[in-house]
There are 2 protein chains.
Amino acid sequence: MSTKRAKLEQREKRIVAAARTVFLKHGFNKAKMSQIADVAALAEGTLYLYYKNKNAIVKAVVVDHWRQITDEAQDALSKTKDSFAQLQALADYHLTMMVKHWRVIELGYVLYYSRSDDAGENAGVDFKRTYAALFDRIIERGQDKGHFTNELSLPFLRDLFYGTLEYAARTLVLHNKPEDIDTNVVQLMAVLRPHLSENAPTDTGDDKAMLKRLERAVRKLERLH
Amino acid sequence: MSTKRAKLEQREKRIVAAARTVFLKHGFNKAKMSQIADVAALAEGTLYLYYKNKNAIVKAVVVDHWRQITDEAQDALSKTKDSFAQLQALADYHLTMMVKHWRVIELGYVLYYSRSDDAGENAGVDFKRTYAALFDRIIERGQDKGHFTNELSLPFLRDLFYGTLEYAARTLVLHNKPEDIDTNVVQLMAVLRPHLSENAPTDTGDDKAMLKRLERAVRKLERLH
DNA sequence: TCATCATAATGAGTTTAACTCATATATACA
DNA sequence: TGTATATATGAGTTAAACTCATTATGATGA
């Protein structure tokens, strides 16, 4: 009974692994279902017993990747208790991973634009959700412990963090400069530090202090929607 | 003679316009060449006299969009001489544009992942190049005038700027909150300021500008009640 | 004005590859 | 071991991108 289910899950994994191989080698469009079937040592029709269509298979590959990545990242974070250090570790891990697995990241783009394709069903492009939550947790814990301010909104910080790193990764891959990963991480952390550490010298001017309070108030208001 | 060429260019524009309409309506996959031909009032085969394949057509649509956008952005920037204000204007323009034309931005993803598709030819995904250069120019001019430090590298700053804004745009579109554009711009500028302004004596001026933005944001919020 | 040629447009026909489904095989259970 | 259910197969169908032989257009010059 459970061996049957196990066997099916095994097959499913084989398909995803085969698909990953073929997709990474040829890219989405040039990858053929027949190739995937060959690599998985299955008939083409069998693929459709496990996945509705080609799109569903890329999705499985991408989702699987982000799941693995989430586990690994968690390990990387567990090495320190300091919130800021954790943030840095996450940035480092994330950028390194993206540069290394850039082809998979690009595969993810397929899911973005084909969202509206097969009317419904495929909706919700939330691979990454739990991964992105790692960042949120670090920020929130840092704030709870009083180490981080909440001067900047969490959604904004998240977009800044992941957006910057994705663009940086593309730049690094494009120019083939994996050795610049560190520089980018250092710069990102330098940018974030003054907006996170509580005891930052809040300048001097009354204007600035006031502005900051205003911003905080506005954000609170906005969050009510 | 020139009227002949003019006519051909006219036709080319008609194709791009038709393609834009169809792609935006149905997305890349569900958009059919036959539909584009219909809308452009041409035979299907004629499309292939102007563009090598479907991919080349999306590319034309996307490239065309970024060209228009570049012109518009330049206008938006010309309203001020102050480098920091220009940066803010660009951020504002860019985010507003992305939220408004998000479907076109998504179409661009097609080019990213299908890069390696038709071996060569389609290489170089440099729509955006000249657009991105607007940012570079502002930064460089600011540094020349001694207003900006070069504490952070230009490539990093560029990735931070555009990466953050693209992720922010996606968040705004996903949650359907176009009214949060200002908040995001304000926060981005707050993050950039200390790393750009040389000794940051900019106080009064910048703060006033920011106050204005905040007031606008508050007014918008108030209108929602 | 018409004849000739070059350039452009057409759409029926070809090709490719995703997807289906009738048939075959394996597996569980009595 | 026999039967029923679940799973696998791959030849066949279909849809849509792309081709190409044919037709139309329009410029040029006698």
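In this report, we go over the structure that sits alongside the text. In this text the structure is predicted, and so the values were computed from the model without any measurement. (Residues numbered from 1 in each chain as written. Chains lettered and ligands numbered in written order. Predicted model: local features only at pLDDT ≥ 70, side-chain atom pairs only at ≥ 80, totals over all residues. Heavy atoms only, no water.)

A closer look at the packing of aromatic side chains
Taken as a whole and assessed by the stated rule, the structure comprises 18 aromatic pairs over all chains. Pairing A:Tyr112 with A:Phe127 gives two aromatic rings, centres 6.0 Å apart and planes at 50°, and the pair type is tilted. Of this pair, A:Tyr112 sits in helix α6 (residues 102–113) while A:Phe127 is found in the loop between α6 and α7 (129–144), placing the two residues 15 residues apart along the sequence. Given a relative accessible area of 9%, A:Phe127 falls into the buried group. Here the aromatic residues A:Tyr109, A:Tyr112, A:Phe127, B:Tyr109, B:Tyr112 and B:Phe127 are joined through ring pairs into a cluster of three or more. One Lys or Arg, A:Arg170, reaches over the ring of B:Tyr112 and ends 4.2 Å from the middle of that ring. Across the ring face of B:Tyr167, the terminal group of B:Arg170 is positioned such that the distance to the ring centre comes to 5.2 Å. (Phe/Tyr/Trp six-rings, centres within 6.5 Å; stacked < 30°, edge-to-face > 60°. Helix = DSSP H or I, 4+ residues; strand = E, 2+ residues; numbered from the N terminus. Buried < 20%, exposed > 50% of the residue type's maximum accessible area, 1.4 Å probe, protein only. Lys NZ or Arg CZ within 6 Å of the ring centre and 35° of its normal.)

Notes on the protein's contact with DNA strand C
Residues in close proximity to DNA strand C total 17 residues, the closest being A:Met33, A:Lys54, B:Arg11, B:Ala43 and B:Thr46. Restricting the count to atoms of DNA strand C within 4 Å of the protein gives a sugar and phosphate share of 77%. Between A:Ala31 and DNA strand C, the recorded distance is 3.4 Å, taken from a backbone N or O atom to a phosphate oxygen. Within the backbone of A:Lys54, a nitrogen or oxygen atom sits 2.8 Å from a phosphate oxygen of DNA strand C. Broken down by secondary-structure element, the contributors of at least two residues to the surface near DNA strand C are α3 (44–50) of chain A together with α1 (2–30) and α3 (44–50) of chain B. In terms of residues, the surface near DNA strand C owes the most to one element, α3(B), which gives four residues. (Near = heavy atom within 4 Å. Polar contact = N/O pair within 3.5 Å; in protein donor to acceptor, adjacent residues only side chain to side chain.)

Looking at unusual backbone geometry
The backbone of A:Asn176 sits at a positive phi, close to 50°, despite the residue not being glycine. One can find A:Asn176 in the loop between α8 (154–174) and α9 (181–192). Phi at B:Lys128 takes a positive value of approximately 90°, unusual for a residue other than glycine. You can call B:Lys128 buried: its relative accessible area is 17%.

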